[in-house]
Amino acid sequence: MILPLVALVAGPSRAQTLIDKAARDDTAQVANDDPEMKAAIARARAGLDVFLARADDPDADQRDFSVKVKVPLRDHSEFLWLRPFVRDGDRFVGRVVNTPQGIANLKYGDRLAFQRKDIADWFYKQGGRVIGNYTACVLIAREPPEQRAAFRDNYGIDCER
């Protein structure tokens, strides 16, 4: 199961828990200048070469290689998960695996072309655990302890690594 959570960068909103939003394939809104989210994106980008090399030649227990790309809109950006994806140098094409919230001409399952510079996060699964997905870890850390544990248990994400 792919983590369907998307970060829609606009303004903060906390109406439901993160698990509720993820279960509905909903968005989590984060301010454009959020320092923790910026740091998570920087961490993901710093590890992108290693991730892409692993995606090109995965171990037997590694699967579901996914990238999160930034799609700029008029007054904010929406981040979408894509899997599978193929690349040709710094150009990529992938399938959208969550429901776009603010992009009228794009839906779940559509193909989307993007560039390396658009990649904001990535993850893959190894042995039932999620490796990467640093942006989700920022959101998870903002939840109460019981919600963090439930999210980890439901989605296999380990933000302690």
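Please read these numbers as outputs of a predicted model, since none were measured by experiment. The numbering scheme is per chain: residues are counted from 1 as the chain's sequence reads. It should be noted that, the model being predicted, local features are given only for residues of pLDDT at least 70 and side-chain atom pairs only at 80 or more, the latter also being counted only at that level, while totals for whole chains, interfaces and linings use all residues. Side-chain measures here rest on the full set of heavy atoms in the structure, leaving out hydrogens and waters.

**A word on the overall build of the chain**
The condition is simple: Put simply, DSSP H or I for four residues or longer makes a helix, DSSP E for two residues or longer makes a strand, and each gets a number counted from the N terminus. Each residue gets one of three labels from its accessible area relative to the maximum for its type: buried under 20%, exposed over 50%, partly exposed in between, using a 1.4 Å probe on protein chains only. Here, two residues are considered to be in contact whenever any of their heavy atoms come within 4.5 Å of each other. Residue-level accessible areas treat just the shown protein chains as cover; the underlying method is Shrake-Rupley with a 1.4 Å probe.
The helix and strand tally for the chain stands at 5 helices and 8 strands. Taken from the N to the C terminus, the helices and strands of the chain come in the order β-α-β-α-α-β-β-β-β-β-β-α-α. Taking all 161 residues of the chain together, 48% fall into the buried category. In the chain, once contacts between residues fewer than 6 apart in sequence are set aside, the share between residues at least 24 apart is 52%. Accessible surface for the chain amounts to roughly 8,400 Å². Of this, 48% is attributable to carbon and sulfur atoms.

**Points about the nonpolar core**
Selection rule: Nonpolar core, defined: a set of buried Ala, Val, Leu, Ile, Met, Phe, Trp, Tyr and Cys residues in which side-chain atoms within 4.5 Å join the residues together.
If you look at the biggest cluster of nonpolar residues, it comprises 44 residues, and the most contacted ones within it are Phe 51, Val 67 and Trp 122. No other element matches the 6 residues that helix H4 (residues 134-141) contributes to this core. Not counting residues up to four positions away in its chain, the partners in contact with Trp 122 are Ala 44, Gly 47, Leu 48, Phe 51, Ser 66, Val 67, Trp 81, Ile 131, Gly 132, Asn 133 and Tyr 134.

**A word on the packing of helix H2 (residues 35-46) against H4**
Short version of the rule: Between N-to-C directions, angles span 0 to 180 degrees; the directions come from axes that are lines fitted to C-alpha atoms, helices contributing only their stretch in contact. Under this scheme an angle from 65 to 115 degrees is roughly perpendicular, one under 35 degrees roughly parallel, and one over 145 degrees roughly antiparallel; angles in between are oblique. Handedness of each helix crossing follows the sense of rotation of the near helix against the far helix: counterclockwise by less than a right angle gives left-handed, clockwise gives right-handed. For this classification, the nonpolar set comprises Ala, Val, Leu, Ile, Met, Phe, Trp, Tyr, Cys and Pro, the charged set comprises Asp, Glu, Lys and Arg, and every other residue, Gly included, is treated as polar.
Relative orientation of the contacting elements H2 and H4 amounts to 150°, with a least axis distance of 8 Å. Comparing the axis directions of H2 and H4 gives the class roughly antiparallel. Considering only the axes of H2 and H4, their crossing is right-handed. Together, Glu 36, Met 37, Ala 40, Ile 41, Arg 43 and Ala 44 of H2 and Tyr 134, Thr 135, Val 138 and Leu 139 of H4 make up the contact between the two elements. In terms of residue class, the contact of H2 with H4 is built from 7 nonpolar, 1 polar and 2 charged.

**Here's the deal with the packing of aromatic side chains**
What counts, and what does not: Two rings belonging to Phe, Tyr or Trp (six-membered ring only in the last case) form a pair when the distance between their centres is within 6.5 Å. Interplanar angles under 30 degrees mark stacking, angles over 60 mark edge-to-face geometry, and anything in between is tilted.
Taken as a whole and assessed by the stated rule, the structure comprises 11 aromatic pairs. Members of the aromatic cluster, each reached through a chain of ring pairs, are Phe 51, Phe 65, Phe 85, Phe 92, Phe 114, Trp 122, Tyr 124 and Tyr 134.

**A look at the pairing of strand E6 (residues 111-115)**
In summary, the side chains of a regular strand alternate between the two faces of the sheet. Cut-off, in case you're wondering: Between any two strands, pairing holds if DSSP finds at least two bridges.
Of the two faces of E6, the one lined by Leu 112 and Phe 114 is fully buried and the one lined by Arg 111, Ala 113 and Gln 115 carries no buried residue. Here strand E5 (residues 91-96) pairs with E6 via 5 bridges, running antiparallel. From the neighbouring strand, Val 93 faces E6, where its bridge partner is Ala 113.

**Quick look at the side chain of Glu 78**
As a reminder, the rule being used: Positive charges come from Lys and Arg alone, negative charges from Asp and Glu alone, with His and the N- and C-terminal ends not counted. Salt bridge, as used here, is a side-chain nitrogen of Lys or Arg placed within 4 Å of a carboxyl oxygen of Asp or Glu. Distance and chemistry together define a polar contact, namely a pair of N or O atoms within 3.5 Å, with one atom able to donate a hydrogen and the other to accept it when in protein, and with adjacent residues in sequence counting only for side-chain atoms on both sides.
Its location among the elements puts Glu 78 in strand E4 (residues 77-88). Here Glu 78 sits buried without a salt bridge, and the closest side chain of opposite charge, Lys 68, lies 11 Å off (N-O distance). Within the local environment of Glu 78, its side chain forms a polar contact with the backbone nitrogen of Gln 101, the two atoms lying 2.6 Å apart.

**Some remarks on H2**
Definition in use: Each helix should span, by expectation, one fewer than its residue count multiplied by 1.5 Å. Read the arc as the range of directions from the helix axis to the C-beta atoms.
For H2, built from 12 residues, the straight-helix expectation of 16 Å at 1.5 Å per residue is met to within 8% by its first-to-last C-alpha distance of 16 Å. Restricting attention to buried positions, one finds in H2 the residues Met 37, Ala 40, Ile 41 and Ala 44. The buried residues of H2 all sit within an arc of 95° when viewed along its axis, so they share a single face. Opposite its buried face, H2 presents the exposed residues Pro 35, Lys 38 and Ala 46, each directed more than 90 degrees away. Buried residues along H2 sit against strand E2 (27-31), helix H3 (48-56), E4, strand E7 (119-126) and H4. One side-chain oxygen of the residue at the start of H2 lies 3.0 Å from the amide nitrogen of Glu 36, identifying that residue as Asp 34.

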